[in-house]
Amino acid sequence: MWKTRPPVVIGLSIIWLVVVLIAALFAEVLAPHGYADQSLLKRLQPPAFLGGLPDYLLGTDGLGRDVLSRVIYAMRTSIVIAVMGTVISASVGTALGIIAAHFRGWVDDLIMMLVDFQAAIPFLIVALAVLAFFGNNFVLLVVLIGLFGWDGYARIARGLVLSTNGQGYAFAIRTLGVHPARVYFRHVLPNMLSIIMVQITLNFPEIILLETSLSFLGLGVQPPGTSLGLLLGEGRNYLATAWWIGIPAGVVIFLTTLAISLVGDWLRDMLDPNLKGEIA
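Caption draft 1: Fine view of the packing of helix α1 (residues 8–25) against helix α3 (residues 67–103). In contact at an axis separation of 8 Å, α1 and α3 are set at 100 degrees when each is read in the N-to-C sense. Looking at the two axes, α1 sits roughly perpendicular to α3. Taken together, the residues of α3 that come into contact with α1 (itself represented by V20, A23, A24 and L25) are I72, M75, R76 and I79. Of the residues contributing to the contact of α1 with α3, the split by class is seven nonpolar, no polar and one charged.

Caption draft 2: Structural detail: the packing of α3 against helix α6 (residues 138–146). It is at 7 Å that the axes of α3 and α6 come closest, and there the two elements cross at 50 degrees. Between α3 and α6, the angle falls in the class oblique. Of the two elements, α3 crosses α6, and the hand of that crossing is right-handed. In this structure, α3 uses I81, M84, G85, I88 and S89 to contact α6, whose residues at the interface are F138, L141, V142, I145 and G146. Split into classes, the residues belonging to the contact of α3 with α6 amount to seven nonpolar, three polar and no charged.

Caption draft 3: Looking closely at the environment of L63. With respect to the helices and strands, L63 occurs in the loop between α2 (27–30) and α3. In this structure the C-alpha to C-alpha distance between L63 and L40, which are 23 residues apart in sequence, comes to 5.6 Å. The contact partners of L63, leaving out residues within four places of it in the chain, are Q38, S39, L40 and R43.

Caption draft 4: Expanded view of unusual backbone geometry. In this chain, P223 is followed by P224 through a cis amide linkage whose omega measures 10 degrees. Mapped onto the elements of the fold, P224 is located in the loop between α9 (180–216) and α10 (228–235). Although it is not a glycine, L44 adopts a positive phi angle of roughly 60 degrees. Along the chain, L44 turns up in the loop between α2 and α3. When its relative accessible area of 28% is taken as the criterion, L44 is described as partly exposed. Of note, the phi angle at R104 is positive, near 55 degrees, even though the residue is not glycine. Locating R104 in the fold gives a position in the loop between α3 and α4 (105–120).

Caption draft 5: Spatial organisation of the environment of M270. Considering the arrangement of structural elements, one finds M270 in helix α11 (residues 247–271). By relative accessible area, which is 23% here, M270 ends up partly exposed.

Caption draft 6: Examining the packing of aromatic side chains more closely. Per the stated rule, a full pass over the model turns up four aromatic pairs. Seen in terms of ring centroids, F133 and F134 are 4.9 Å apart; in terms of plane orientation they differ by 85 degrees. Their pairing is edge-to-face. In terms of burial, F133 and F134 fall into one category: exposed. Ring geometry for W243 and W244: centres 6.0 Å apart, planes at 80 degrees, overall edge-to-face. Taking relative accessible area as the criterion, W244 reaches 8% and is therefore assigned buried. When the ring centre of F216 is taken as origin, the NZ or CZ atom of R236, which lies over that ring, is 4.7 Å away.

Caption draft 7: Examining α3 more closely. A rise of 1.5 Å per residue sets the reference length of α3, with its 37 residues, at 54 Å; its end C-alpha atoms lie 53 Å apart and thus fit the reference within 8%. Count one or two residues on from α3 and you reach R104, which has phi positive near 55 degrees.

Conventions used here
Residues numbered from 1 in each chain as written. Predicted model: local features only at pLDDT ≥ 70, side-chain atom pairs only at ≥ 80, totals over all residues. Heavy atoms only, no water. Axes fitted to C-alpha atoms, helices over the stretch in contact; angles between N-to-C directions. Helix = DSSP H or I, 4+ residues; strand = E, 2+ residues; numbered from the N terminus. Parallel < 35°, antiparallel > 145°, perpendicular 65-115°, else oblique. Contact = heavy atoms within 4.5 Å. Nonpolar A, V, L, I, M, F, W, Y, C, P; charged D, E, K, R; others polar. Left-handed = near helix turned anticlockwise from the far one by under 90°. Buried < 20%, exposed > 50% of the residue type's maximum accessible area, 1.4 Å probe, protein only. Phe/Tyr/Trp six-rings, centres within 6.5 Å; stacked < 30°, edge-to-face > 60°. Lys NZ or Arg CZ within 6 Å of the ring centre and 35° of its normal. Expected span 1.5 Å × (residues − 1).

And the structure:
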C-alpha cells in the first residue's frame, strides 16, 4: 500500500527546511540585532549558554556583531541566491533540451556537445576565474551560479520530449494543426514538471555549496553583506579562540543541504512510477 506519511527523518528534514524558509522570509523580525551592528566593547563574547551576554545567544564576532543575527540574515542571502540560480539553471536547461529534441539534426548535436562540455569542465575553477577577472558583483555571481547544472535539466528535458513525441496523443494533437509551442506548454511541460521538480531538489544543495564555496574564498558575497559561506570564511581565523563565529554557519549549511538531499531522494522515490509498487 502507498505510504501517505513520510519517514521520521524526512519529516524532520521538512521541518528544518520550513524553519530555514521562515528565517529567510522574516529575518528582520527574528534577528535580535542588525547583522552589521558593531560594538567593539562586546567583541568575541562567547555564547550565552557558555557564560556570555544574555542578549547574544550565539556570541559575537571580532567586531562585536551578533553571530545569531548574522546567521539569520546569511540564510536569507544564501537561499535567495540559490533560488535565483536554480530558476535560471532549470529554465535554460529545460528550454535547450526542448529545442534540441524539437529540431534534432545539427541543433541537437550542438546543444548536446555543449552539455558534454559543461559536464566535463570543473565549474568552480571557471567561476573563480571569471569572478577574479571581471570583478565581483551580485548580478554576475547569480548568473554564474545559474549556469551551474543546466546540463542535467537539458538531458532530462530532451529525453522526456523525445519520449512524449513518440506517443500517440502528441502525434494526434499535431495532426490537428496545433502550433508546436502550444503542444509543449499545454501538454509536454505539465507531464515533465514532476521530474524537473525532483531534479531541482537534487541540484539545489549543489548550488548552495557552490555559493558558499565562492563566498568562503572571498569571491562571492562581499562585506558588509553576509552569507553562510562568508561567515564560514570569517570564522576560520578564530577556530582556536572563538569557534562560535564560524561553526553555526557550517552547521546550517550541513543541515540544509542534507535535508534538501533527503527530501529530494524521497520525492524521487514517490514520483517514480517504477517504484510505486515496491513502496508499501
